[in-house]
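Report on the structure
Residues per chain, in single letters:
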Amino acid sequence: MKIIENLYSLITKENCHKIIKERKKFLIDYNIPRLTNADIIPSSHLPINFIKPIETTIFNIVKSEIFSFIKDEYNENLNNLEINTVFFVENSYEYNKKYTNADKINYSYGFIIVLNENTYYDGGELHVNSLKVNTNNNIIIFDNNEKINFNEILSGEQYKI
């Protein structure tokens, strides 16, 4: 696991909140419920490529920044890295209190960017291999051997990529 401290050096707080707003707008514009029933991906997950105004922003950050950290941390060749799937994930007291991992997705490496500050929710702490990890203003990079889990949301809403 690698922790990239100071998320806002890679993506501004304003851009994080813009991503949240664009996702909410997308759900309204296309009449998509916040809670869905799906077998392939968990109901709290929305593929980022559906949300066109923010897709390029996220993919550019992944390709230009996160791939470099994966290369350094895991001694991986950049030519071996590609974007498989990126999800916008909402866990809230009202919808999806408990985080569900997208187990059917095949990946070698993953990352988590919590978009909103922890003052917007209670609970939702991240555990990697049963160790609590500080997600506030950090990006977490992991490989497929590491077990990722979030505590239940006790109040408010937690948004993440």
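Figured I'd write up the structure that's included with this text. (Residues numbered from 1 in each chain as written. Predicted model: local features only at pLDDT ≥ 70, side-chain atom pairs only at ≥ 80, totals over all residues. Heavy atoms only, no water.)

The subject of this paragraph is the pairing of strand 4 (residues 109-113). Regular strands place their side chains on alternate faces of the sheet. Across the 5 residues of strand 4, 4 count as buried, placing the element largely inside the fold. Here 5 bridges tie strand 4 to strand 8 (residues 138-143), and the two strands are oriented antiparallel to one another. The partner of Y109 across the bridge, within strand 8, is D143. (Buried < 20%, exposed > 50% of the residue type's maximum accessible area, 1.4 Å probe, protein only. Helix = DSSP H or I, 4+ residues; strand = E, 2+ residues; numbered from the N terminus. Pairing = 2+ DSSP bridges.)

Ordered in space as 2-3-10-5, the 4 strands form an open sheet in which the pairing is antiparallel. Every interior strand has two partners, whereas the edge strands, strand 2 (45-47) and strand 5 (121-123), have only one. Looking at each pair of strands side by side, their axes are set apart by 35 degrees on average, direction ignored. Judged from the 3 bridges that link them, strand 2 and strand 3 (residues 87-92) form a sheet pairing that is antiparallel. Its bridge partner being in strand 3, P47 is matched across the sheet by F87. (Axes fitted to C-alpha atoms, helices over the stretch in contact; angles between N-to-C directions.)

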